[in-house]
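# Chain and residue survey
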Amino acid sequence: MLKKTFSTALLGCAALLMSGAALAQYPTKPITLLVPYAPGPTDTVARIMAQAMTKPIGTTFVVENRPSNGGILAPELLTKANPDGYTILIHHIGMATTPALYRQLRFKPLEDFEYIGLINEVPMTLIGRANLPPSNLKDLLAYIKANSAKMSLANAGIGAASHLCGMLFQSAIQVDLLTVPYKGTGPAMNDLLGGQVDFMCDQTTSTTGQIKGGKVKAYAVTSPKRIAALPDIPTLEEGGVKGAEVGIWHGLYAPKGTPKPVIDKLVAALQAAMKDPGLEHRFTELGAVSYPADKQTPAALEAHLKSEIAKWAPIIKKAGVYAD
Ligand code: ASP
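Attention here is on the structure that accompanies the text. For clarity, every value in this text was computed on a predicted model and none was experimentally measured. (Residues numbered from 1 in each chain as written. Predicted model: local features only at pLDDT ≥ 70, side-chain atom pairs only at ≥ 80, totals over all residues. Heavy atoms only, no water.)

## Let's talk about the pattern of salt bridges
All told, the structure shown has nine salt bridges when counted by the stated rule. Note that R47 is salt-bridged to D43, the shortest N-O span being 2.9 Å. With R47 and D43 both in helix α3 (residues 41-57) and four residues apart, this pair spans about one turn of that helix. Taking the relative accessible area as the measure of exposure, R47 reaches 40% and is therefore partly exposed. Between K306 and E302 there is a salt bridge whose closest N-O contact spans 3.8 Å. Taken together, the positions of K306 and E302, both in helix α12 (residues 298-319) and four residues apart, correspond to about one turn of that helix. Judged by its relative accessible area of 45%, K306 falls in the partly exposed class. Within this structure, E76, K80 and R106 form a network of salt bridges that share partners. (Salt bridge = Lys/Arg side-chain N within 4 Å of Asp/Glu carboxyl O. Helix = DSSP H or I, 4+ residues; strand = E, 2+ residues; numbered from the N terminus. Buried < 20%, exposed > 50% of the residue type's maximum accessible area, 1.4 Å probe, protein only.)

## Re the environment of L77
Counting through the fold element by element, L77 comes out in helix α4 (residues 73-80). L77 gets classed as partly exposed once you look at its relative accessible area, which sits at 22%. A C-alpha to C-alpha distance of 22 Å links L77 and I48, two positions 29 residues apart in sequence. Each residue touching L77, except ones within four places of it in the same chain, is listed here: L34 and R66. (Contact = heavy atoms within 4.5 Å.)

## Considering the nonpolar core
Ranked by internal contacts, the top residues of the largest apolar core, which has 52 residues, are L126, I144, F169, F199, W249 and Y253. Among the elements that make up this core, the one with the highest residue count is helix α7 (residues 161-173) (seven residues). If we ignore the near neighbours within four places in the chain, the residues touching L126 are L137, L140, F169, F199, M200, C201, K217, A218, Y219, A220 and L236. Membership of the second largest hydrophobic core comes to 36 residues, among which are M18, V35, I119 and L279. (Core = buried A, V, L, I, M, F, W, Y, C linked by side-chain atoms within 4.5 Å.)

## Here we look at the pairing of strand β2 (residues 61-65)
In this structure, strand β1 (residues 31-35) lies alongside β2, joined through five bridges in parallel fashion. Within β2, the position partnered with T32 by the bridge is V62. In the classification by handedness, the crossover that spans β1, the intervening α3 and the parallel β2 is right-handed. (Pairing = 2+ DSSP bridges. Right-handed = clockwise from strand over helix to strand, strands pointing away.)

## As for the site of the ligand
Taken together, Y37, P41, T42, H92, A156, A160, A161, S162, G184, T185 and Q203 are the residues near the ligand. Between T42 and the ligand, the recorded distance is 2.8 Å, taken from a side-chain N or O atom to a nitrogen atom. H92 has a polar side-chain atom sitting 2.7 Å from an oxygen atom of the ligand. Contact with the protein chains covers 100% of the free accessible surface of the ligand, which is 270 Å². When each cavity is represented as a set of grid points, the ligand is found to reside in the largest cavity. (Near = heavy atom within 4 Å. Polar contact = N/O pair within 3.5 Å; in protein donor to acceptor, adjacent residues only side chain to side chain. Areas by Shrake-Rupley, 256 points an atom, 1.4 Å probe, with all protein chains shown as cover. 1 Å grid on protein atoms, 1.4 Å probe; cavity = no way out; pocket = protein on both sides within 12 Å on 5 of 7 lines; lining within 4 Å. Sits in = over half its atoms within 2 Å of the grid points.)

## Quick word on the state of the cysteines
What we call a disulfide is simply a covalent bond connecting the sulfur atoms of a pair of cysteines. Per the stated rule, a full pass over the model turns up one disulfide. Disulfide pairing is shown between C165 and C201; the S-S distance is 2.1 Å. Taking the sign of the torsion about the S-S bond as the criterion, the disulfide between C165 and C201, at about -60°, is left-handed. Of the two residues, C165 sits in helix α7 while C201 sits in strand β7 (residues 199-203), which places them 36 residues apart along the sequence. Residue classification places C165 among the buried residues on the basis of a relative accessible area of 1%. For C201, a relative accessible area of 1% gives the class buried. (Disulfide = S-S within 2.5 Å.)

## Considerations on the packing of helix α5 (residues 94-101) against α12
Closest axis-to-axis distance for the α5/α12 pair is 8 Å, and the angle between their directions is 40°. Relative to α12, α5 is oriented oblique. For the element pair α5 and α12, the recorded crossing hand is right-handed. Contacts between α5 and α12 involve M95, A96, T97, P99, A100 and L101 on the former and, on the latter, L305, E308, I309, W312, A313 and I316. When its residues are assigned to classes, the contact of α5 with α12 shows 10 nonpolar, one polar and one charged. (Axes fitted to C-alpha atoms, helices over the stretch in contact; angles between N-to-C directions. Parallel < 35°, antiparallel > 145°, perpendicular 65-115°, else oblique. Left-handed = near helix turned anticlockwise from the far one by under 90°. Nonpolar A, V, L, I, M, F, W, Y, C, P; charged D, E, K, R; others polar.)

## Notes on helix α9 (residues 204-212)
What α9 keeps buried is the set T204, T205, T207, T208 and I211. An end-on view of α9 places all buried positions within 165° of arc, on one side of the element. In this structure, the buried side of α9 is in contact with α3, β4 (113-129), α8 (185-193), β7, β8 (216-221) and α11 (277-285). G214 sits one or two residues past α9 and shows a positive phi near 70°. (Arc of directions from axis to C-beta.)

Honestly, that's just the spatial picture; any functional story needs more than this.
What follows is the structure, encoded as structure tokens:
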């Protein structure tokens, strides 16, 4: 209680310190954008956003990758950052799944942050190394059943989107595979390309190019419908795999106590960036679907986060997966 009062007082001081000229002039230096994974799909969305928000906000962004197992370090770092608008975070669905997955999470998604807004939703693809024998989803399912003891499924640790997708997939087809965690699906992709792991779920932001270039085998998309960027790839549901549908949504967060005028400027920059035709073209190419303008707001991100926490908690509980 005492700690809470003390930290609330500190936040108040930070806001006061920023009052007047600093608030009016914000931003006067580059803004750090924390990314919870090594360079890979989330980093791609982060860099596209950083570039598109630069002009509207009037300063540059420094994209800082702070990878950790499951992406839990970067949100924790945000709780310790100054609430002055110079450190913000991009995160995805992991912000909603980690509370159910971790017994001792060092941040509270619904209490510790200010919300800026939703960005986009990206489907996942189920992909395999180029020389994995099956060539379609039906054959893959049969192959996995026959070889489950020796197959490896890569992910970015408990709490990552790739982990969630892989968990849903294993539970849908009722197999238990060896999973290999990485600090992001970027490094996992390197090992998949090198043939060290067999398959994984990864966002289209990273996989579209590899699939089109024939560097990996694509078996399915995790969206309810096929996606325009990869029209030949069936949905999991088409292949009879039910209950593994998942869309990876991204949002922007600031430390708790960031003054409202600063948040307002960040929201305005987000909304201006999302109108940039270059950004829209890039997202479409990568299979990402932008949220409409009324979702690019703090209230919409908060509401979405709440509903996603409520949606995933029972599913994760049923799967019985936990980390400490
Ligand atoms: N999207 C994460 C990344 O950028 C990994 C994940 O969530 O699975 O690496």
